[in-house]
Amino acid sequence: MRIAFITHNYPLSSKERSNAGIFVSDMAQELAEKGHNVQVFVVNASVTKTTVCLDGRLKIHFLGKGSLNKSLGEVKFYNIFDLVRLYRLFMQSKNDIVDILKRNQVDLCLAFWAIPSGILVYQINKTLKVPYGIWALGSDIYVYQKLPIVGYLIKKSIDNAKILLADGIDLANKITKFSNKICAFLPSATSFGNIKKIKVAIDKRLVNFIFLGRLEKVKGPDIFLSSLSMLPKDINYHVYFLGGGVLLEKLTLKSVEYGLKEKVSFIGNVDDKRIIFAYLAKSDLLVIPSRSDSIPLTLTEGAKAGIPVLVSDAGDMHVLVKKYKIGYTFPSGDIRELSAILEAFIKNGKNKRKSFENNLNVFAKDFNVSQIASNLIKNIELSIN
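Summarised in this report is the structure supplied together with it. (Residues numbered from 1 in each chain as written. Predicted model: local features only at pLDDT ≥ 70, side-chain atom pairs only at ≥ 80, totals over all residues. Heavy atoms only, no water.)

### Remarks on the overall build of the chain
Move 1: Across its full length, the chain carries 14 helices and 14 strands.
Move 2: Taken against the 2.2 N^0.38 rule, which gives 21 Å for 385 residues, the C-alpha radius of gyration of the chain at 21 Å falls within 12% of a compact globule.
Move 3: Each of the three principal axes of the chain carries a C-alpha extent, and together these read 65 × 45 × 40 Å.
Move 4: Taken over 385 residues, the chain has a buried fraction of 53%.
Move 5: Within the chain, contacts between residues at least 6 apart in sequence are counted, and of these 67% link residues at least 24 apart.
Move 6: Summing over all exposed atoms, the chain offers an accessible surface of approximately 17500 Å²; the carbon and sulfur share of this is 51%. (Helix = DSSP H or I, 4+ residues; strand = E, 2+ residues; numbered from the N terminus. Rg over C-alpha atoms; globule rule 2.2 N^0.38 Å. Buried < 20%, exposed > 50% of the residue type's maximum accessible area, 1.4 Å probe, protein only. Contact = heavy atoms within 4.5 Å. Areas by Shrake-Rupley, 256 points an atom, 1.4 Å probe, with all protein chains shown as cover.)

### Looking at the nonpolar core
Move 1: Membership of the largest hydrophobic core comes to 40 residues, with the highest contact counts inside it found for Phe 41, Ile 97, Leu 101, Cys 109 and Ile 134.
Move 2: Those residues in contact with Ile 97 that sit more than four places away from it in its chain are Ile 6, Phe 41, Val 43, Leu 63, Leu 120 and Ile 124. (Core = buried A, V, L, I, M, F, W, Y, C linked by side-chain atoms within 4.5 Å.)

### Section: the pattern of salt bridges
Move 1: One pass over the structure, following the stated rule, counts 13 salt bridges.
Move 2: Where Asp 203 meets Arg 205, a salt bridge forms, and the shortest distance between an N and an O atom there is 3.0 Å.
Move 3: A relative accessible area of 26% means that Asp 203 is categorised as partly exposed.
Move 4: Glu 257 is the salt-bridge partner of Lys 254, the closest N and O atoms lying 3.6 Å from each other. (Salt bridge = Lys/Arg side-chain N within 4 Å of Asp/Glu carboxyl O.)

### Considering a nonpolar patch on the surface
Move 1: A surface patch of nonpolar side chains, amounting to about 390 Å² of accessible area, comprises Ile 80, Phe 81, Leu 83 and Val 84.
Move 2: Relative to the assigned elements, Ile 80 resides in helix H2 (residues 80-103). (Patch = residues over 30% accessible without salt bridge, like charges linked within 9 Å, V, L, I, M, F, W, Y side chains within 5 Å.)

### A short note on the side chain of Asn 9
Move 1: Relative to the assigned elements, Asn 9 resides in the loop between strand E1 (2-7) and helix H1 (22-33).
Move 2: Judged by relative accessible area, Asn 9 falls into the buried class, the value being 19%.
Move 3: Engagement of the side chain of Asn 9 in a polar contact is seen with the side chain of His 8, the distance being 3.4 Å. (Polar contact = N/O pair within 3.5 Å; in protein donor to acceptor, adjacent residues only side chain to side chain.)

### A word on the sheet that holds strand E3 (residues 49-53)
Move 1: What the eight strands build is an open sheet, ordered E3-E4-E2-E1-E5-E6-E7-E8; its pairing is mixed. In the strand order of this sheet, the two ends are held by E3 and strand E8 (184-185), each with one partner.
Move 2: Direction of pairing for strand E7 (residues 163-166) relative to E8: parallel, over a ladder of two bridges. Looking at the pairing, Ala 166 lines up with Phe 185 of E8.
Move 3: Where helix H6 (residues 169-179) meets the sheet, its contacts fall on strand E6 (132-136), E7 and E8, and the angle it forms with E7 comes to roughly 145°.
Move 4: Against the sheet, helix H14 (residues 369-384) makes contact with E1, strand E5 (108-112), E6, E7 and E8, and its axis sits at roughly 155° relative to E7, the strand it touches most. (Pairing = 2+ DSSP bridges. Axes fitted to C-alpha atoms, helices over the stretch in contact; angles between N-to-C directions.)

### A few points about the pairing of E6
Move 1: Within E6, five of the five residues are buried, leaving the element largely enclosed by the surrounding structure.
Move 2: Here E6 shows two buried faces, one formed by Tyr 132, Ile 134 and Ala 136 and the other by Gly 133 and Trp 135.
Move 3: Summarising the sheet, E5 and E6 pair through four bridges and their orientation is parallel. Looking at E6, one finds that Cys 109 is bridged to Tyr 132.
Move 4: The parallel pair E5 and E6 is bridged by helix H3 (residues 114-128), and the resulting crossover is right-handed. (Right-handed = clockwise from strand over helix to strand, strands pointing away.)

### Here we look at the pairing of strand E12 (residues 285-288)
Move 1: Neither face of E12 is open: one carries Leu 285 and Val 287, the other Leu 286 and Ile 288, and all of them are buried.
Move 2: The pairing of E12 with strand E13 (residues 309-312) spans three bridges and is classified as parallel. Of the residues in E13, the one forming a bridge with Ile 288 is Val 311.
Move 3: Handedness of the β-α-β unit built from E12, helix H10 (residues 297-305) and E13 comes out right-handed.

### Thoughts on unusual backbone geometry
Move 1: Residues Ile 115 and Pro 116 are joined by a peptide bond in cis, for which omega reads 0°.
Move 2: With respect to the element layout, Pro 116 can be found in helix H3.
Move 3: If you check the backbone angles, Lys 129 has positive phi at about 60° while not being a glycine.
Move 4: Within the element layout of this structure, Lys 129 appears in the loop between H3 and E6.
Move 5: Looking at Lys 129, the relative accessible area reads 63%, which means it is exposed.

### A word on the side chain of Asn 208
Move 1: For Asn 208, the position within the fold is in strand E9 (residues 207-212).
Move 2: Within the structure, the side chain of Asn 208 is placed 3.2 Å from the backbone oxygen of Leu 206, a separation counted as a polar contact.
Move 3: In contact with Asn 208, not counting residues within four places along its chain, are Ile 202, Asp 203, His 238, Tyr 240, Ser 283, Asp 284 and Leu 285.

### A short note on the packing of helix H7 (residues 221-228) against helix H12 (residues 335-348)
Move 1: Between H7 and H12, whose axes approach to 8 Å, the crossing angle comes to 60°. The angle between the axes of H7 and H12 places the two elements in the oblique class. The handedness of the crossing between H7 and H12 comes out as right-handed. Residues Ile 223, Phe 224, Ser 226, Ser 227 and Leu 228 of H7 pack against Ile 335, Leu 338, Ser 339 and Leu 342 of H12.
Move 2: Classifying every residue of the contact of H7 with H12 gives six nonpolar, three polar and no charged. (Parallel < 35°, antiparallel > 145°, perpendicular 65-115°, else oblique. Left-handed = near helix turned anticlockwise from the far one by under 90°. Nonpolar A, V, L, I, M, F, W, Y, C, P; charged D, E, K, R; others polar.)

### Digging into the packing of aromatic side chains
Move 1: The full count for this structure, using the stated rule, is 16 aromatic pairs.
Move 2: Considering the side-chain rings of Phe 211 and Phe 241, the 5.5 Å spacing of their centres and the 40° angle between planes classify their relative orientation as tilted. With a gap of 30 residues between them, Phe 211 in strand E9 and Phe 241 in strand E10 (residues 237-242) connect regions that are remote in the sequence. Both residues of the pair, Phe 211 and Phe 241, belong to the buried class.
Move 3: Ring centres of Tyr 328 and Phe 356 lie 5.8 Å apart, and the angle between their planes is 70°; on these two criteria the pair is classed as edge-to-face. Here the residue Tyr 328 occupies a position in strand E14 (residues 327-330), and Phe 356 occupies one in the loop between H12 and helix H13 (357-366), the gap between them amounting to 28 residues.
Move 4: The exposure class assigned to Tyr 328 is partly exposed, which follows from its relative accessible area of 22%.
Move 5: When its relative accessible area of 11% is taken as the criterion, Phe 356 is described as buried. (Phe/Tyr/Trp six-rings, centres within 6.5 Å; stacked < 30°, edge-to-face > 60°.)

What follows is the structure in structure tokens.
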């Protein structure tokens, strides 16, 4: 099968693991290895280049022409200059993709993230009549559908899509209700596993917690840090924050203010998945305190590293954690409840990690890239045949 991926998030190299598009990258690689032909179009890229892999079955087009030189999340929809530049980016990206697809025909275009790629594939379809699908990742669709023009374009792109997918159970149900079209649940995951272990400096005498992800409000690292400030000062634990983001400086200062400087380490962005795997494998509990989420990649990566989780009840995380029995849950934003669970775990939870092992293995197998890639092809074949 010949498939085009349209995305605004994609790593510049295979070593970059902090980019939100690592899932798209791993999915493209998996499909190409299975014999399919995949072309990836990365809009708003920082460079203009084409990378060819796997004997030409995987081509990645980084479209830097017309780039905003900032992330799309930073666009201010009330700023006329941002809107003009965004319009130019859409038109430039559409024209570039159409030119390439005229020479390299595909069976289907698949948009990763409803915004902006969903709107872009709708416009491409109007020109080339190539069927398209939208894979909604996270809840961005509900934030932007409230905007006058953007909301209209979202609705049009969904109405004309041949296939609708979402990486969350609740999100899929909401899109089905919103669109009156079936939206299938298909989780996102990365090729994270079978990694050679390397050494990282973790004191195994302590109870070690880990946060893995963007240090941004939606991911709740500040909630986690605040809960730590409520723990008894003489209790033995350490926390590793892996990831960068706008809250890094604020959290670093807060850790000093809370008297947690010796108990918290901010590692920053880590691109080497061997290092990420090592931190996960050697820590005792992965904490995902999101304010809003669906099924984050962090959850599946933790399972593949064999670490139990403590998650908020945002999105579908708590449903999966309870179903597979792979950890603990707390009400999103409830700092006191989170702190109480952490304290209980420090006192008697360290030795329970082994009891989660079998359940984590089952969860990891169900959320594996190879299986998801096969399910994607089945969904596409059903939609276009």
